[in-house]
Amino acid sequence: MKLLLLLSVLGVCWAQYDPHTKYGRTSIVHLFEWRWDDIALECERYLAPNGYGGVQVSPPNENVVINNPSRPWWERYQPVSYKICSRSGNEDEFRDMVKRCNDVGVNIYVDAVVNHMCGSGVSAGTSSTCGSYYNPGSRDFPAVPYSSWDFNDGKCKTRSEEIESYNDIYQVRDCHLSGLLDLALEKDYVRSTIAAYLNHLIDIGVAGFRIDASKHMWPGDMKAFLDKLHNLNTTWFPQGARPFIYQEVIDLGGEPIKSSEYFGNGRVTEFKFGAKLGTVIRKWNGEKMAYLKNWGEGWAFMPSDRALVFVDNHDNQRGHGAGGASILTFWDARLYKMAVGFMLAHPYGFTRVMSSFRWPRYFENGQDVNDWVGPPNDNGVIKRVTVNADSTCGNDWVCEHRWRQIRNMVIFRNVVNGQDFTNWWDNGSNQVAFGRGNKGFIVFNNDDWALSTNLQTGLPAGTYCDVISGDKIHNHCTGIEIYVRSHGLAYFSISNTAEDPFIAIHVDAKL
Ligand code: AAO
């Protein structure tokens, strides 16, 4: 009885850090800008069968419709109300998606935009995804409702009302981020209104939230609305389960606001992860993969059990947010697959895979002038995600999560879950390898010469299928075979010109 009590108290303490993924699934995927009906199908036909634990969905609430430029992706970060009504679908479609995904054990995490409403410069009217009226000039959002009382206008001390310096924590929290009307989260009415929105989603069955622009909210104000949240819906989650919380705080060092201020509320996005990994894999600034030996906290990242990690996100894949040119994306596919492979093999953090749409990227003076372009659409209506015969996607959906190398590494991570980081090897340069206990092993060759060597894998003897160059199908390998001898030694050979210069083996892909 006492033990049970202790366990349940511990459970509650841990709860907001726990993604509540099912069946030992360990990663989520951001299906950026997808329609709800397509996500429901993807959960059933692809994500559940391939061991994905959940989906981060784009903001589901009503937002401004921007016609100049024409329907940019970022209009969804300008809320008008908390009605579930967006380009991805209406509330019925959202509910259907949550149910169908939950029914196959794939959780839904909502991107919650609660720091602000729309931009101050947007004109008043009903140009919104559900037709609700709003007037940014007079701070009037009757469909919530919010009025001028509910914004931080009086608190912000800069003349422009903008955040002018990230060195002033008061500006960052109380002024406008890119002109967006900043909500007064110290007010109980605002906290309760936000909590009501999130509770509506929790009751429908979502498992947690990415909290947008968390850096721009005081951690204590966030705690106040998070404390009001319901437990997860018991149709799909255990009694007393708390929503998983991950806060978007960009902390690359060098600013007074630290990720650690937010650990009490939940996990935090570790932006150093993708910025550094990109630098290493690109071999910029004298970096080498050999230096990845102490990847994680050894690189001054936040504690692993607080970190939400990713190689790129919807902002920094197109030059928004932070991370800069080092960020790897699907545009650099060969290096990108290595980076995602490394992330998924390494035990650090809770992992999110990015799934993008293609846009007409075009650089002028080092800036992508098309960084605003929205999802594939017909006159504004988001196009369906079609699936080709080879299981890739059509209609300009990139579907990185379906790339064999990435999908198989998501499975690898599930197979090695809980195993130690073991048997590190490097050549002092860009050839490295490591294992996860006696369950999996991965080898990279990012040097300009061939790799050919015997390595200690820690795995039981036998023939394994490399899950990067192929799959195990009907007890044979469609790609490279690796023979692990007794005592775990195996010979690896990777050409530096290989399509994918890395090899990964695990016990579920053993013949
Ligand atoms: C759009 C237009 C604006 C217009 C506005 C209002 O583009 O021109 O004024 O509407 O009408 C997204 C888009 C925005 C868009 C917005 C609303 O990205 O372009 O504005 O929707 O439609 C900061 C925040 C971070 C934020 C990021 C983009 O801290 O929270 O900017 N990300 C989230 C979302 C994002 C969304 C919003 C927030 C707003 O993921 O999609 O915006 O809902 C420094 C700071 C960072 C700061 C960056 C960028 O970073 O540390 O906190 O991120 O600056 O301002 C090095 C440094 C690094 C530094 C970086 C850039 O890397 O190491 O620290 O340089 O200087």
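Residues numbered from 1 in each chain as written. Predicted model: local features only at pLDDT ≥ 70, side-chain atom pairs only at ≥ 80, totals over all residues. Heavy atoms only, no water.

A.B. asks: Which residues make up the site of the ligand, and what are the values?
C.D. replies: Residues in contact with the ligand amount to 25 residues; listed here are only the nearest, Trp-74, Lys-215, His-216, Glu-255 and Asp-315. At a separation of 3.0 Å, an oxygen atom of the ligand approaches a polar side-chain atom of His-116. Separating an oxygen atom of the ligand from a side-chain N or O atom of Arg-210 is a distance of 2.9 Å. Relative to its unbound accessible surface of 1100 Å², the ligand loses 71% to contact with the protein. Residues of the shell around the ligand, tallied by class, amount to ten nonpolar, nine polar and six charged. (Near = heavy atom within 4 Å. Polar contact = N/O pair within 3.5 Å; in protein donor to acceptor, adjacent residues only side chain to side chain. Areas by Shrake-Rupley, 256 points an atom, 1.4 Å probe, with all protein chains shown as cover. Nonpolar A, V, L, I, M, F, W, Y, C, P; charged D, E, K, R; others polar.)

A.B. asks: Describe the sheet that holds strand E5 (residues 89-90), naming the residues involved and giving the relevant values.
C.D. replies: Read across the open sheet, the three strands follow the order E3-E4-E5; overall the sheet is antiparallel. A strand with exactly one partner marks an edge of an open sheet, and here the two such strands are strand E3 (61-63) and E5. In terms of strand pairing, E3 meets strand E4 (residues 79-86) through two bridges, oriented antiparallel. Within E4, the position partnered with Asn-63 by the bridge is Pro-79. Helix H5 (residues 188-204) contacts E3 and E4 of the sheet and is inclined by roughly 10° relative to E4. (Pairing = 2+ DSSP bridges. Helix = DSSP H or I, 4+ residues; strand = E, 2+ residues; numbered from the N terminus. Contact = heavy atoms within 4.5 Å. Axes fitted to C-alpha atoms, helices over the stretch in contact; angles between N-to-C directions.)

A.B. asks: Pulling in residues and values, what's your account of the UniProt feature "domain: Alpha-amylase C-terminal" (unreviewed entry) in the protein chain?
C.D. replies: Annotation from UniProt places "domain: Alpha-amylase C-terminal" (unreviewed entry) at residues 422-510. Secondary structure across residues 422-510 divides into 0% helix and 52% strand, with the first and last C-alpha atoms of the span separated by 19 Å. (UniProt positions renumbered as here; feature names shortened; annotations may be inferred.)

A.B. asks: Give me the environment of Tyr-166: which residues, what numbers.
C.D. replies: Position of Tyr-166 relative to the elements: it lies in the loop between strand E7 (116-119) and helix H4 (169-174). Separated by 131 residues in sequence, Tyr-166 and Arg-35 place their C-alpha atoms 35 Å apart. Other than its neighbours up to four places away in sequence, Tyr-166 contacts Val-172, Leu-177, Lys-215, His-216, Glu-255 and Pro-256.

A.B. asks: Would you mind going over the sheet that holds strand E18 (residues 421-426) in detail, with residue names and values included?
C.D. replies: In spatial order, the strands read E18-E19-E20-E27; together these four strands make up an open sheet with antiparallel pairing. Edge positions in the open sheet fall to E18 and strand E27 (502-506), since each of these has one partner strand only. Within the sheet, the average angular offset between the axes of one strand and its neighbour, ignoring direction, is 10°. As judged from the five bridges shared by strand E20 (residues 440-445) and E27, these two strands associate in the antiparallel manner. Of the residues in E27, the one forming a bridge with Ile-442 is Ala-504. Across the sheet, helix H9 (residues 404-415) is in contact with strand E19 (431-436), E20 and E27; its angle to E27 comes to roughly 40°.

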